[in-house]
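Notes for the structure review
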Amino acid sequence: MKKKTVTIDKKPVKGLCWFEWAVMAYALFTLLLVFFMYTKLQNPQTLIWLRVQVVAMTLGLWAVYRMLPCRLTMLFRVVGQMALLSTWYPETYEFNRYLPNLDHLFATFEQQLFGFQPALLFSQYCSSPVVSELLTLGYISYFPMMVVVLLFYFFKCYDRFLQTAFVILASFFLFYVIFIFLPVVGPQYYYPAVGVDQIAQGVFPNVGNYFETHCEAPNNPGWHDGLFYKLLVMAHETGERPTAAFPSSHVGITMVLLWQAWATKSRRFFWSLVPFGVLMFFATFYIQAHYAIDAIAGLLVGTVMYFMFTWFYRIPNKK
């Protein structure tokens, strides 16, 4: 396997790969948004400079691969783009902060559907440190699951490695487009903004453009002394913003990963990831990052994205 990783490809990829074109498409689309909203954005030059850096990095990694076309340098190309996801995500806030917040509509629908707010009551009724740590573990397994799936394809199913990378990245970027135009911040921001007492009474005020100037992240529910809880806090302090609640990309991308694990035909591999997927689903509204309807929508949207982008990739790549 080590030999295959560094063996020169007999038929190297000449141009950019589909996963890189997905990055370029999103960068171009959001660049047009930057120009359109230039006078409103706080730091448009920073956003433009990021896109210049992304293009330069992409071309640089492509050049390295062309000099040494092998699986290892292709892995570098994929890892480089995956590493940027934590940068692309908080950017959605820079765009949607200028749109009126819609959480009152989603909280109202949640109340009508369940008769209560699952995100408010779940952590109150299940406050055990064991439950907290298990669910928080599920939530922070997000990126590790992605790494595991990518590496499984890289070492075991390399012929579908580039497809896997494309489906994951294209799904992320489609989620980000949704988040830009659908300003829903989730319970962790909305509840404190209007007051938990009002939420408990089923009152969901419209806060308008409140989050244009307020992005303070309150503490999530859970066992504050837990190891996984502390890791969650560290992650949120780094990149969390009042954005990206509906649908849950955590649940959606997890569904994409589970479908990809199923496609390997390794049932042992698939079932080893399922418990993390289940924990992820419930963790999203346990820690109040999402409404329950966000998680449910994530299941559906993630499944649609997996099959849609898998089909899309295969059209120009049929042998």
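A short tour of the structure in this document, coming up. As the structure is a computational prediction, the values presented were derived from the model and not from experiment.

For the bond running from F246 to P247, omega is -15°, close enough to zero to count as cis. Counting through the fold element by element, P247 comes out in the loop between α13 (227-239) and α14 (249-263). Positioned with a positive phi, K265 is a non-glycine residue whose angle comes to about 70°.

Counted according to the given criterion, the structure contains 38 aromatic pairs. Centroid distance W259 to F307: 4.9 Å. Interplanar angle 65°. Geometry classified as edge-to-face. Of the two residues, W259 is situated in helix α14 and F307 in helix α16 (residues 292-314); the sequence distance between them amounts to 48 residues. A centroid spacing of 5.0 Å and a plane angle of 75° characterise the contact between F270 and W271, whose relative ring orientation is edge-to-face. For F270, a relative accessible area of 12% gives the class buried.

A separate point is the nonpolar core. In terms of nonpolar packing, the biggest core is built from 96 residues, with W88, F161 and Y190 touching the most fellow members. Top element by residues in this core is helix α10 (residues 161-181). It accounts for 14 residues. Those residues in contact with W88 that lie beyond four places of it in its chain are V23, Y26, A27, T30, L50, R51, V54, F173 and Y176.

Quick look at helix α4 (residues 71-83) now. Along its 13 residues, α4 runs 18 Å from first to last C-alpha, staying within 8% of the 18 Å computed at 1.5 Å per residue. Buried within α4 are the following residues: T73, M74, L75, R77, V78, G80, Q81 and M82. Residues of α4 that are buried make contact with α2 (18-36), α3 (44-67), α5 (85-96), α9 (142-156) and α10.

The subject of this paragraph is the side chain of T73. Checked against the element boundaries, T73 lands in helix α4. With sequence-adjacent residues up to four places away left out, T73 is seen in contact with V64, Y65 and L68.

Turning our eyes to something else, we now look at the environment of E133. Position of E133 relative to the elements: it lies in helix α8 (residues 129-140). According to the relative accessible area criterion, E133 is buried, its value standing at 13%. Ignoring anything within four residues of it in the chain, the contact list for E133 reads W223, G226, L227, F228 and Y229. Here the side chain of E133 touches F228 through a polar contact of 3.1 Å, landing on its backbone nitrogen.

Where α3 contacts α4, the two axes come as close as 8 Å, and the packing angle between them is 170°. The orientation of α3 relative to α4 falls into the category roughly antiparallel. Across the interface between the two elements, M57, T58, L61, W62, V64 and Y65 from α3 touch T73, M74, F76, R77, G80 and Q81 from α4. Split by residue class, the contact of α3 with α4 holds seven nonpolar, four polar and one charged.

Cut-offs used in this document
- Residues numbered from 1 in each chain as written.
- Predicted model: local features only at pLDDT ≥ 70, side-chain atom pairs only at ≥ 80, totals over all residues.
- Heavy atoms only, no water.
- Helix = DSSP H or I, 4+ residues; strand = E, 2+ residues; numbered from the N terminus.
- Phe/Tyr/Trp six-rings, centres within 6.5 Å; stacked < 30°, edge-to-face > 60°.
- Buried < 20%, exposed > 50% of the residue type's maximum accessible area, 1.4 Å probe, protein only.
- Core = buried A, V, L, I, M, F, W, Y, C linked by side-chain atoms within 4.5 Å.
- Contact = heavy atoms within 4.5 Å.
- Expected span 1.5 Å × (residues − 1).
- Polar contact = N/O pair within 3.5 Å; in protein donor to acceptor, adjacent residues only side chain to side chain.
- Axes fitted to C-alpha atoms, helices over the stretch in contact; angles between N-to-C directions.
- Parallel < 35°, antiparallel > 145°, perpendicular 65-115°, else oblique.
- Nonpolar A, V, L, I, M, F, W, Y, C, P; charged D, E, K, R; others polar.

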